[in-house]
Each structure stands twice: as C-alpha cells, then as structure tokens.
Amino acid sequence: MKVTEHIKKAKGETLFSFEIIPPVKGRSIQELYDNIDPLMEFNPPFIDVTTSREEYVYIDRDGLLDKKLTRMRPGTLGICASITHKYNVDTVPHVLCGGFTKEETEYLLVDCHYLGIDNVMALRGDAMKEEKYFEPTRGGHRFASDLVKQVKGLNKGNYLHEVIETDNCPDFCIGVAGYPEKHMEAPSLKSDIKRLKEKIALGADYVVTQMFFDNQKYFEFVDAAREAGIEVPIIPGIKPIAVKRHLHLLPQVFRVDIPEDLIDAVENCKTNKDVRQVGIEWCIQQSQELKEAGVPVLHYYSMGKSDNIKAIAKEVF
Ligand code: FAD
C-alpha cells in the first residue's frame, strides 16, 4: 500500500515508522532483524531502507595500493523483499541518482514492481567521499527532480527507450527529501523550497524531512512550504542523539543545528550511556509535541540500533 494511503487510512492519527541501513557487506541480516523485531509492536505501516552509493577502497597488493570502486552496503532491494516477507509490512527503498545510470534505475524500478513494492524514495545522493561536490554519474541524473520524472514516467509506461502500453504499469508513490534547515548546497531556504516544489510538481507524493532537533524549525518549514503551495504530507524525520560525538558529527554531516539546552545536557554526561538517555528524553519531548501538532507520521532514523527508538515509541505511541 502507498505511504499516502496509509496516512489517509489513519484519519489524522500519527503513525510510527523508521528507517534502516543495510548491513555492511559480509554481515548477517539477522542483526537487522534483531533490531527490527522490538519495533514491530508499534505497527509501522512502512519501513524505509537506505541505499549507499559506491566508494573507493584501497587494497594492498604487495606494497602497492590498488584503488577499487565498491559498494559497502549493497542489498537495499533484497532487504526490502525479505522484510516484507518476514513482517508483512510495506517497505520504501531509497533510489539514488548518484552511482546509477538511468538504465540501472529503470531495471531497479522494474524489480521493485515485480516485488510488489508500492513506494520509492527518490533522492540525489551525496557527493562521493573523495569529491567535494556531487557529480552526476555518467548516464545518470543530476537532481532528484529528474529521478522523480523518470519514476513518474514509468508509472505511465514511459520506459527510457520505448513507450509500452500495458495495463501492468507500476503506480509508485514517490517520496522526496525536504530540509527544515535548508540543504547544505542551497543558496537560501526559500530557493530550496522552490526546488522542493518542483519535485512535487513533477509528481512526488510526500516529503520526509532531514533530522532536526528543534521542532520550531520543522513548524516554520511546513508553514513556508504551505505558503509556497506545497500541499503534500510533510513527514518529520527525527533522530535521538546517542553518543557525545554526535554533537559535532551530525552538524558536520547533515548541516543541522543543535539547541543549546541539548548541547549542555550532552556535555554534562559522564558516559555514553547517559548521553543515550538524554537523547531518548529529548526525542520523546520532540515526538510528543509533533504528535500533538498532528503530524501524519513520526519517522525515526534508527541507524541500525533500535533500543533507543523502542524506549521513545513506548512513551509516545
Ligand atoms: P535534490 O532535491 O536534487 O537537491 C540537491 C540540491 O540541489 C539542493 O541544494 C537543491 O536546492 C538543489 N537543486 C535541486 N534542483 C535544482 C535545479 N534544478 N537547479 C539547481 N539546483 C537545484 N542519501 C543517500 O546516499 N542514501 C539514502 O538512502 C538517503 N536517504 C535520505 C533520506 C532522507 C529523508 C533525506 C532527507 C536525505 C537522504 N539522503 C540519502 C541524503 C541526500 O541524498 C542528500 O541530502 C543529497 O545531498 C540531496 O538529495 P536530494 O534528494 O534532496 O537532492
């Protein structure tokens, strides 16, 4: 079922969902199940599965370093299929521009359709680790909006090299990313919202936000998006701080601000166990306020560990 249908069916009640990351190549999927199992009691109608783009690794061959391109966390679609099969829940694979040609994207979407997947999250992806700026893959898309256009086209039978008239077209519901504190490359929040509106105009059905730690940023973003004419659901994505290092890492990677009170509370912690508890408590407060404000879904970035998400969900749902 589509994410937008789940939201409609909930009739204003806030739903619980979360995002998972495929394990590093060679690790067991059981680890993933062990982290999903405790969250299933909160009835997520859908689970997002991220996609990681390729990166360079250096292999030592008798003292000479061989540079190879590899994907460290493959398996997004396989994980989607296995989760749907095991838990009978909808999954949302993240589909990227970076690292994929348009043809590869088409084949991926065909696989999604065969697997009965109804939703995809259309994203540009970040620059490769060794690059400063995002460079489109040769034969791939430059912006998420181009990807939205491709998915939307496929919904009408418009494959890359032919139009196929059939009653077996996919009907993907398309999610896109939104940034309450603006995307790091956008010249202003206003221009970023204009770009977001383009993704919606091309056919995106809902938005999931980047993490934020101050709800006011989300509320103001939603107001600005509505003022710009964006009417689709805007799902807040939130994440509990879990280790002291997050105070520097999260702003650096995701360009988000951390409120002073939260910084103070984390800095006063003696151990990472205390930090985890501070993160849980902050996230409970954030979740409760967002729920009271009537957000359609609370979407948690689990980063592979679920004990803190469970502690939050227990208080909120
Ligand atoms: P876009 O919408 O293409 O925007 C990128 C930048 O280009 C923005 O600054 C925008 O303002 C600008 N822009 C857009 N269109 C135009 C245009 N026509 N002309 C000029 N400028 C334009 N990354 C992963 O690698 N894997 C994941 O699974 C993943 N999941 C994510 C899930 C969520 C909910 C979010 C919020 C992010 C996720 N990301 C993921 C990160 C994402 O790929 C990066 O933030 C990336 O840098 C931007 O992706 P986007 O889809 O927002 O890009």
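Anything mentioned here points back to the structure above.
None of these values were measured; they are calculated from a predicted model.

## Things to note about helix α10 (residues 272–292)
- Here α10 spans 30 Å end to end across 21 residues, near enough to the 30 Å set by a 1.5 Å rise per residue.
- Residues of α10 that are buried include every one of Val-275, Arg-276, Val-278, Gly-279, Ile-280, Trp-282, Cys-283, Ile-284, Gln-286, Ser-287 and Leu-290, and no others.
- Structurally, α10 contributes buried residues whose contacts are with α7 (215–227), β10 (237–238), α9 (260–267), β11 (297–301) and α11 (307–316).
- Downstream of α10 by a residue or two, Gly-294 has a phi angle that is positive, lying close to 85 degrees.

## Considering empty space enclosed by the protein
- A full pass over the atoms with the stated rule returns one cavity of 30 Å³ or more.
- Size it by volume and the largest cavity reaches roughly 40 Å³.
- If you go around the largest cavity, the residues you meet are Phe-18, Ile-20, Leu-32, Asn-35, Ile-36, Leu-39, Ser-302, Gly-304, Lys-305 and Ser-306.
- When residues of the lining of the largest cavity are traced back to their parent elements, those giving at least two are β1 (15–20) and α2 (30–36).
- Tallying contributions element by element places α2 first for the lining of the largest cavity, with three residues.
- Looking at the lining of the largest cavity, its residues break down into five nonpolar, four polar and one charged.

## Structural notes on the layout of surface pockets
- Counted as a void, the second largest pocket has a volume near 190 Å³.
- Lining the second largest pocket are 14 residues, and of these Thr-51, Gly-75, Thr-76, Phe-100 and Leu-108 lie nearest its centre.
- Those elements that provide at least two residues to the lining of the second largest pocket are α3 (76–87) and β5 (90–96).
- Element by element, the count of residues in the lining of the second largest pocket is highest for β5, at four residues.

The rules behind each value
- Residues numbered from 1 in each chain as written.
- Predicted model: local features only at pLDDT ≥ 70, side-chain atom pairs only at ≥ 80, totals over all residues.
- Heavy atoms only, no water.
- Helix = DSSP H or I, 4+ residues; strand = E, 2+ residues; numbered from the N terminus.
- Expected span 1.5 Å × (residues − 1).
- Buried < 20%, exposed > 50% of the residue type's maximum accessible area, 1.4 Å probe, protein only.
- Contact = heavy atoms within 4.5 Å.
- 1 Å grid on protein atoms, 1.4 Å probe; cavity = no way out; pocket = protein on both sides within 12 Å on 5 of 7 lines; lining within 4 Å.
- Points joined across faces, edges and corners; volume = space filled by probe spheres on them.
- Nonpolar A, V, L, I, M, F, W, Y, C, P; charged D, E, K, R; others polar.

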